[in-house]
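Now for the letters of each chain:
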Amino acid sequence: MLIFAHIFFTVPVHLDVHWCLAVINLKEKSVKFYDSMGSDKPEILKVLLGYIEQEHMDKKKTPFDTSDFELENVKDIPRQMNGSDCGMFTLKYSEYLSRNASITFTQEDMPYYRQRMVYEIVNNKIIHP
């Protein structure tokens, strides 16, 4: 798949025992990192930016200028209050961002989202928001 056929894509990031999300937006020229525990990972942002450059060179045989890309560790997002919901937060960040919706869920919503996900998997049916 040629990534440059898309404007926006999400990248789940696994950090040893913790899940986070990176979002690459080619139209906005940005790479953003969403961590429900609030950590900064500038090295992940740089690796993903380098990946975009390498992928462009490999697939299109020309350099891709990322000098004006914004790299951001997003801070104004819901945070998890336990050690076990990082995966759900990552999935919900991805869902909300892919719908271009404001991220409005909270830690208190996680039990519902877990039950909802089980229902969707068992019934092979997505519940639309």
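Provided above is the structure to which this section pertains.
All of these numbers come straight from a predicted model, not from anything done at the bench.

Student: It is not clear to me how the overall build of the protein chain should be interpreted in this structure. Could you clarify?
Tutor: Check the secondary structure of the protein chain and you find three helices and four strands. If you list the helices and strands of the protein chain from N to C, you get β-β-β-α-β-α-α. Across its three principal directions, the C-alpha atoms of the protein chain cover 45 × 30 × 25 Å. Within the span of the protein chain, comprising 129 residues, buried residues form 40% of the whole. Put simply, of all contacts in the protein chain between residues at least 6 apart along the chain, 49% involve residues at least 24 apart.

Student: Honestly, unusual backbone geometry in this entry has me stumped. Any pointers?
Tutor: Both trends apply: most residues other than glycine have a negative phi, and most peptide bonds are in trans. Although it is not a glycine, Asn-100 sits at a positive phi angle of roughly 60°. A residue is classified by how much of its surface remains accessible, and Asn-100, at 73% relative accessible area, is exposed. The backbone of Asn-124 shows a phi angle near 50°, a positive value even though the residue is not glycine. Here Asn-124 shows up in the segment after helix 3 (110-123).

Student: What am I meant to see in the sheet that holds strand 2 (residues 18-25) here?
Tutor: Sheet strands pair by backbone hydrogen bonding; their relative direction is either parallel or antiparallel. Across the sheet, four strands lie side by side as 1-2-3-4; this open sheet has mixed pairing. In this open sheet, the two edge strands, each paired with only one partner strand, are strand 1 (8-15) and strand 4 (70-74). Here the strands of the sheet are splayed against their neighbours by 20° on average, with no regard to which way each runs. Running over the sheet, helix 1 (residues 42-60) touches strand 1, strand 2, strand 3 (30-34) and strand 4 and is turned about 145° from strand 3. Relative to strand 2, helix 2 (residues 86-98) is tilted by about 20°, and along the sheet it contacts strand 1, strand 2 and strand 3.

Student: What exactly am I supposed to notice about helix 2 here?
Tutor: Two residues of an α-helix separated by three or four positions point the same way, owing to the 3.6 residues in each turn. Along its 13 residues, helix 2 runs 18 Å from first to last C-alpha, staying within 8% of the 18 Å computed at 1.5 Å per residue. Among all positions of helix 2, only Cys-86, Met-88, Phe-89, Thr-90, Lys-92, Tyr-93, Ser-94, Tyr-96 and Leu-97 are buried. At its buried positions, helix 2 is contacted by strand 1, strand 2, strand 3 and helix 3. Remark: Asn-100 follows helix 2 within two positions and exhibits a positive phi of approximately 60°.

Student: Would you explain the nonpolar core in this entry?
Tutor: When a protein is soluble and globular, its nonpolar side chains tend to lie buried together. Ranked by size, the top nonpolar core spans 16 residues in total, and within it Ile-24, Leu-26, Val-31 and Ile-52 carry the most contacts. Secondary-structure elements contributing two or more residues to this core are strand 1, strand 2, strand 3 and helix 1. For this core, the leading source of residues is helix 1, giving five residues. If you look at the next biggest cluster of nonpolar residues, it comprises 13 residues, including Ile-77, Met-88, Phe-105 and Met-110.

Each value, and the rule that gives it
Residues numbered from 1 in each chain as written. Predicted model: local features only at pLDDT ≥ 70, side-chain atom pairs only at ≥ 80, totals over all residues. Heavy atoms only, no water. Helix = DSSP H or I, 4+ residues; strand = E, 2+ residues; numbered from the N terminus. Buried < 20%, exposed > 50% of the residue type's maximum accessible area, 1.4 Å probe, protein only. Contact = heavy atoms within 4.5 Å. Pairing = 2+ DSSP bridges. Axes fitted to C-alpha atoms, helices over the stretch in contact; angles between N-to-C directions. Expected span 1.5 Å × (residues − 1). Core = buried A, V, L, I, M, F, W, Y, C linked by side-chain atoms within 4.5 Å.

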